[in-house]
Amino acid sequence: MDIVFLSTEAVPFAKTGGLGDVCGALPATLANRGHNVTLLLPAFSSVRAAGVPIRTTNISFAVEMRDRIVGGRLLAADLPGVDRSRSGAGTATVYFIDQPQYFARPALYGDSGGDYSDNCERFAFFCRAALHAISRLNQSVDIVHCNDWQTGLVPAYMATGFESHPWMKHAKSVFTIHNLAYQGQFWHWDFPLTGLDWKWFTPAGIEFYGGINFLKAGIQFADRLTTVSPTYADEIRTPEFGCGLDPLLRSRTEVLSGITNGIDDTVWNPATNPHLRIEAAAEKGSAEKGSAETGAAVEVVEGKSSLPPGNYDVDSWQAGKAAQKRRLQQQLGLEVAAQLPLVGVVSRLASQKGWDLILDVVRSCLHENRPVQWAILGTGERHYQDALAELALQYPDRFGLQLKFSDSLAHRIEAASDLFLMPSRYEPCGLNQLYSLRYGSVPIVSRTGGLVDTVVPVTAETLADGTATGFQLQNDSQEELDQVLGEALRIRHHEPQIWEKIVQTGMRQDWSWRQSAAQYERLYDGLMTVSPEPAKKQGKSRV
Ligand code: ADP
């Protein structure tokens, strides 16, 4: 199948969150499975820092943005993660839409002052340039798979036959909602930037409470809608989680489904990840130092593994995690103590992620001097940064904090932690709990979205049948989280065999993209067998 992916993030070129992980891994997985994949991304500044050779092309185009013409050109690279030597692999190229005024900026969407004020123009341009790019590449196109609000206009363009691009007659659109709360809403004065006729500016089109809503455009017009877990697909049809779009989503129930994200298990693999390597000499020195302090509940079994020092697998997790903990404690300036349980958090500092609750629980643990350490990595809202920084100053030996974006540290925190905390208010899929399972860091999660679909909570039954992989909160109160954390620490300390079973069950699970990619394939196949809706393909109004 010939699949065009549109996204503003894809690892290793651009990433602020899970969208980048998904759109880096899914296209490559589909190419490895024999599909011809083209990924279209904006040429953000971060693209050139990815270390992947970028080529210029001779394709350029001009887009009429309100009353001026804006030029753009295509850059290209081989899509990483594709095994091109494999027989049966498809073609896989990433094209970058190069428009330096819009995209060559320090950040993707905004800076400390908030979102960039011209985001409507930037992403309307991206969507319109993508149409030109697809036409100019002159390839056959079966599926155009759009992701999140920044690409939401494209299904509207395809459904309305905008600019009569020939490939639109055959191609079907898929729109994936990675987070319904981010909608790309702008005032109506910006509507001409979309190039669409004003007849589409109605409640049955892309108008939303008097403004434009890019996400609504995608939901309204795409042939198929997906979101990133089955539970989130149910939740977003309710007023509680629907962010005002639940009536529309309910009206499109028949084309909406949830496909749980996968993880790139070639990258998120504790047995091979290079960020976990520890120099043999450094390891020996710190092991000697650490052994004096070991009165550990978790027995450290040294010397069993044939993996490089620092890497570990399901059989050597105790030694591997102990070494990682020692190293992280040293790096974060925490007390180096093998017996102290370490709780990790890697997350955007946004209320969605339950930071109010995390802060309450961390404060009470630290104030009461409970024997727990914390390793926290995040960037985001200022007030959370300030509150966390204050705790780090007050409790340097128990509370390790890094307010930055660091892939390497994210791996090392996952590897070093005994527990991973993720009490999200809502969570479309969540990737960190999947990384935690893989790295043997037992997740404590709230009961929402993809967290429900991926973590099997500890209960008498799941312990008995050996399926438990983590802990689940029912009501997200501080008392409950205190109690669940206490129970997790109790099991870890007093029932090490049960703890080991929970860790190993999580580590053995297959959350790779292979499963999810097969589901997307079935969805694409289903679309290709549906005959076109005549009214739509002729660009007739649905309103
Ligand atoms: P969301 O997309 O809502 O931010 P996900 O759990 O789906 O949440 O994905 C978050 C991704 O971003 C994960 O890969 C996580 O490791 C990464 N991440 C978040 N914050 C940081 C950070 N400060 N440094 C490194 N990686 C981070």
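As a starting point, this report considers the structure included with it. (Residues numbered from 1 in each chain as written. Predicted model: local features only at pLDDT ≥ 70, side-chain atom pairs only at ≥ 80, totals over all residues. Heavy atoms only, no water.)

## Some remarks on the overall build of the protein chain
When helices and strands are tallied, the protein chain shows 19 helices and 20 strands. Computed over the C-alpha atoms, the radius of gyration of the protein chain is 24 Å, within 12% of the 24 Å expected from 2.2 N^0.38 for a compact globule of 543 residues. Considering only C-alpha atoms, the protein chain reaches an extent of 75 × 50 × 45 Å along its principal axes. Relative to its full complement of 543 residues, the protein chain shows a buried share of 60%. If you take every contact in the protein chain between residues at least 6 apart in sequence, the share linking residues at least 24 apart comes to 73%. Roughly 21300 Å² of accessible area belongs to the protein chain as shown, and the carbon and sulfur atoms make up 51% of that amount. If the 50 positive side-chain charges of the protein chain are averaged to one point and the 60 negative ones to another, these points end up 5 Å apart. (Helix = DSSP H or I, 4+ residues; strand = E, 2+ residues; numbered from the N terminus. Rg over C-alpha atoms; globule rule 2.2 N^0.38 Å. Buried < 20%, exposed > 50% of the residue type's maximum accessible area, 1.4 Å probe, protein only. Contact = heavy atoms within 4.5 Å. Areas by Shrake-Rupley, 256 points an atom, 1.4 Å probe, with all protein chains shown as cover. Lys, Arg positive; Asp, Glu negative; His and termini not counted. Charge placed at Lys NZ, Arg CZ, Asp CG, Glu CD.)

## What to know about the site of the ligand
In the neighbourhood of the ligand, 18 residues make up the surrounding shell, with Gly18, Asp21, Arg348, Lys353 and Lys404 lying closest. Separating an oxygen atom of the ligand from a side-chain N or O atom of Lys15 is a distance of 2.8 Å. Contacts to the ligand include Leu431, whose backbone N or O atom sits 3.0 Å from an oxygen atom. For the ligand, the protein covers 94% of the area, taking 560 Å² as the surface of the free molecule. Elements with a contribution of two residues or more to the shell around the ligand: helix H1 (18-32), strand E15 (342-349), strand E16 (373-380) and helix H13 (432-439). (Near = heavy atom within 4 Å. Polar contact = N/O pair within 3.5 Å; in protein donor to acceptor, adjacent residues only side chain to side chain.)

## Some points on the pairing of E16
Counting buried positions along E16 yields 6 of 8 residues, so the element is predominantly enclosed. Summarising the sheet, E15 and E16 pair through 8 bridges and their orientation is parallel. Looking at E16, one finds that Ser347 is bridged to Gly378. Of the crossover connections in this fold, the one passing from E15 over helix H10 (residues 355-367) to the parallel E16 is right-handed. (Pairing = 2+ DSSP bridges. Right-handed = clockwise from strand over helix to strand, strands pointing away.)

## Description of the sheet that holds strand E13 (residues 224-227)
Here 9 strands make up an open sheet; going across it, the order is E3-E4-E5-E2-E1-E8-E9-E13-E14 and the pairing mixed. Pairing within the sheet leaves two strands with one partner each, and these edge strands are strand E3 (55-65) and strand E14 (256-258). Recorded for the sheet is a direction-independent mean angle of 25° between the axes of neighbouring strands. Contacts from H1 reach strand E1 (2-6), strand E2 (36-42), strand E5 (92-98) and strand E8 (143-147), with the element oriented near 155° to E2. Here helix H3 (residues 119-137) sits on the sheet and contacts E1, E2, E3, strand E4 (68-78) and E5; the angle it forms with E3, its principal contact strand, is near 125°. (Axes fitted to C-alpha atoms, helices over the stretch in contact; angles between N-to-C directions.)

## Remarks on the sheet that holds strand E11 (residues 207-208)
Two orientations exist for strands paired in a sheet by backbone hydrogen bonds: parallel and antiparallel. Read across the sheet, 3 strands follow the order E10-E12-E11 without closing on themselves; strand pairing throughout is antiparallel. The open sheet terminates on both sides in strands that have one partner only, identified here as strand E10 (185-187) and E11. In this sheet, strand E12 (residues 211-213) lies alongside E10 in antiparallel orientation, the contact comprising 3 bridges. Bridge pairing links Trp187 to Gly211 in E12. Against the sheet, helix H5 (residues 214-221) makes contact with E10, E11 and E12, and its axis sits at roughly 55° relative to E12, the strand it touches most.

## Looking at the environment of Ser316
Among the structural elements, Ser316 can be located in the loop between helix H8 (280-291) and helix H9 (317-332). For Ser316 and Ala271, which are 45 residues apart along the polypeptide, the C-alpha to C-alpha distance reads 9.4 Å. In terms of polar contacts, Ser316 uses its side chain to reach the side chain of Asp313, at 3.0 Å.

## A short note on the pattern of salt bridges
For the structure on display, the rule yields 20 salt bridges. Ionic pairing is found between Asp98 and Arg73, a salt bridge with its closest N-O pair at 2.8 Å. On the criterion of sequence distance, the pair formed by Asp98 in strand E5 and Arg73 in strand E4 is long-range, its members being 25 residues apart. Residue classification places Arg73 among the partly exposed residues on the basis of a relative accessible area of 33%. Among the charged side chains, a network of salt bridges with common partners joins Asp265, Asp510 and Arg514. (Salt bridge = Lys/Arg side-chain N within 4 Å of Asp/Glu carboxyl O.)

## As for H1
Side chains of residues three or four places apart in an α-helix project in the same direction, reflecting 3.6 residues per turn. For H1, spanning 15 residues, the distance from its first C-alpha to its last is 21 Å, which sits close to the expected 21 Å at 1.5 Å a residue. Burial analysis of H1 places 14 of its 15 residues in the buried class, which makes it a mostly covered element. Positive backbone phi, approximately 105°, marks Gly34, located one or two places after H1. (Expected span 1.5 Å × (residues − 1).)

## Some remarks on the packing of aromatic side chains
Throughout the structure, instances matching the rule amount to 22 aromatic pairs. Ring centres of Phe191 and Trp198 lie 4.7 Å apart, and the angle between their planes is 40°; this geometry places the pair in the tilted category. Relative accessible area serves as the criterion here: at 46%, Trp198 is assigned to the partly exposed category. Site record: aromatic cluster; members linked through ring pairs are Phe44, Tyr102, Phe103, Tyr109, Phe123, Phe125, Phe126, Trp149, Phe186 and Phe214. We note Arg105 situated over the ring of Tyr116; from NZ or CZ to the ring centre the distance is 4.8 Å. (Phe/Tyr/Trp six-rings, centres within 6.5 Å; stacked < 30°, edge-to-face > 60°. Lys NZ or Arg CZ within 6 Å of the ring centre and 35° of its normal.)

Any functional reading would require information beyond the geometric quantities listed.
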